[in-house]
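Coordinate analysis (summary)
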Amino acid sequence: MSESQRRKYTQEEKNRIFDGEFMPHIDSMYNFAYRLTFDEDDAKDLVQDTYLKAYRFINSFEQGTNAKAWLFRILKNSFINEYRKKSKQPAKVDYQEVETYYNSDDVDFQGTTDLRADSVKDMLGDEISNALNALAVDFRTVIILADLEGFTYEEMAKILDIPIGTVRSRLHRARNLLKEKLRGYAQSMGYKTDEEE
């Protein structure tokens with residue numbers, strides 16, 4: 001949208017758009033953010049940052065268009081920018097936490113790991129979530145947008161800022177990777193897989 005096409009909303013219109021078109025999507029925004037970050041606090045921060053940017057740049061939003069897709073694009077771009085920024089920073093150590101640990105009674109405790117408990121704990125986890133989380137972020141993102149959030153290929157292309165052909169091929173590859181990761185689980189649950197047929 002060019003500068004001349006940008007609409008100036010009144011404060012009342014901004015609040016109405018924000019409350020009526022943006023806020024209903026907060027749960028799906030959080031779910032997407034959590035799937036990207038794997039951390040509740042980081043997901044909340046990402047959603048908060050997204051809504052702050054959405055309100056700040058509300059004049060670039062064209063009323064009547066897909067608000068959810070617009071918000072998802074902001075969230076995705078914020079995640080990428082934050083990821084790039086964090087990857088360039090050296091690892092940080094909380095010295096207060098280290099000092100607290102070494103001054104505590106736990107410093108001399110040498111526990112052994114119960115391998116049976118660890119193996120059962122892994123089996124009780126949600127296999128589908130684990131398989132999805134094991135995918136690379138590009139593949140995980142298209143699966144979430146298409147299969148969990150229900151976006152069309154066109155909307156996904158706009159959100160991810162990639163050609164529609166790339167969306168289709170990435171989604172196809174992501175689904176195949178997910179299928180491979182879940183094959184053993186499906187067999188253990190009694191489903192026939194391609195290998196068995």
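Residues numbered from 1 in each chain as written. Predicted model: local features only at pLDDT ≥ 70, side-chain atom pairs only at ≥ 80, totals over all residues. Heavy atoms only, no water.

Cut-off, in case you're wondering: UniProt positions are given in the numbering used here, feature names are shortened, and annotations may be inferred rather than shown by experiment.
By the naming in an unreviewed UniProt entry, the chain goes by Sigma-70 family RNA polymerase sigma factor and is assigned to Algoriphagus kandeliae. As its UniProt record puts it under Sequence similarities (unreviewed entry), the chain is described as follows: "Belongs to the sigma-70 factor family. ECF subfamily."

1. Considering the overall build of the chain
For clarity, the threshold we go by: Numbered from the N terminus, helices here are DSSP runs of H or I no shorter than four residues, and strands are runs of E no shorter than two. When a residue's accessible area, from a 1.4 Å probe over protein chains only, is under 20% of the maximum for its type it is buried; when over 50% it is exposed; and in between it is partly exposed. Contacts: residue pairs with any heavy atoms within 4.5 Å of one another. Every accessible area reported is derived by Shrake-Rupley at a probe size of 1.4 Å, with residue values counting cover from the shown protein chains alone.
Assigned secondary structure in the chain consists of 10 helices and zero strands. Going from N to C terminus, the chain has its helices and strands arranged as α-α-α-α-α-α-α-α-α-α. The buried share of the chain, reckoned over its 197 residues, is 30%. For the chain, the proportion of contacts with a sequence separation of at least 24, taken over those separated by at least 6, is 67%. A total accessible area of about 13,800 Å² is found for the chain, and carbon and sulfur atoms account for 50% of it.

2. Remarks on the environment of Asp194
Note on placement: Asp194 falls in the segment after helix H10 (164-188). Classification of Asp194 by relative accessible area gives partly exposed; the value is 46%. Along the backbone, Asp194 and Arg183 are 11 residues apart, and their C-alpha atoms lie at a distance of 8.9 Å. Beyond its immediate stretch of four places on either side in the chain, Asp194 contacts Lys179 and Arg183.

3. Some details on a nonpolar patch on the surface
Inclusion rule: For patches, a residue must show more than 30% relative accessible area and have no salt bridge; joins then use 9 Å for like charges and 5 Å for nonpolar side chains, namely Val, Leu, Ile, Met, Phe, Trp and Tyr. For this analysis, a salt bridge means a side-chain nitrogen from Lys or Arg found within 4 Å of a carboxyl oxygen belonging to Asp or Glu.
A cluster of nonpolar side chains, contributed by Ile128, Tyr185, Met189 and Tyr191, occupies part of the molecular surface with about 440 Å² of accessible area. Position of Tyr191 among the secondary structure elements: in the segment after H10. By relative accessible area, which is 58% here, Tyr191 ends up exposed.

4. Remarks on the packing of aromatic side chains
How we decide: Only the six-membered ring of Trp is used, alongside the rings of Phe and Tyr, when aromatic pairs are assigned; centres must lie within 6.5 Å, and planes under 30 degrees apart are stacked while those over 60 apart are edge-to-face, with the rest tilted.
Taken as a whole, this structure holds nine aromatic pairs when the rule is applied. Ring geometry for Phe22 against Phe61: centres 5.1 Å apart, planes inclined by 80 degrees, an arrangement best described as edge-to-face. On the criterion of sequence distance, the pair formed by Phe22 in helix H1 (residues 11-22) and Phe61 in the loop between helix H3 (40-56) and helix H4 (67-88) is long-range, its members being 39 residues apart. As far as the burial class goes, Phe22 and Phe61 line up, both buried. Geometrically, the ring pair formed by Tyr30 and Tyr34 is stacked, given 6.2 Å between the ring centres and 25 degrees between the ring planes. Placement of the pair is Tyr30 and Tyr34 together in helix H2 (residues 26-37), with a separation of four residues, close to one helical turn. Its relative accessible area of 25% is what places Tyr30 among the partly exposed residues. Connected via pairs of aromatic rings, a cluster forms that spans Phe18, Phe22, Tyr51, Tyr55, Phe61 and Trp70.

5. Some words on the packing of helix H7 (residues 127-134) against H10
Using the following cut-off: For every element, the axis is a line fit to its C-alpha atoms; helices are fit only across the contacting stretch, and the angle between N-to-C directions ranges from 0 to 180 degrees. Reported orientations rely on four angle classes, namely roughly parallel under 35 degrees, roughly antiparallel over 145, roughly perpendicular from 65 to 115, and oblique for the rest. For a crossing to be left-handed, the near helix must be turned anticlockwise from the far one by less than a right angle; the clockwise case is right-handed. Under this grouping Gly is polar, as are all residues other than the nonpolar Ala, Val, Leu, Ile, Met, Phe, Trp, Tyr, Cys and Pro and the charged Asp, Glu, Lys and Arg.
Contact pair H7 / H10: the axes reach a minimum separation of 9 Å and the direction vectors enclose 150 degrees. What the angle tells us is that H7 and H10 run roughly antiparallel. Along this stretch, H7 crosses H10, giving a crossing that reads as right-handed. Along its contact with H7, which presents Glu127, Ile128, Ala131, Leu132 and Ala134, the element H10 presents Leu178, Lys181, Leu182 and Tyr185. Each residue belonging to the contact of H7 with H10 can be placed in one class, and the counts come to seven nonpolar, no polar and two charged.

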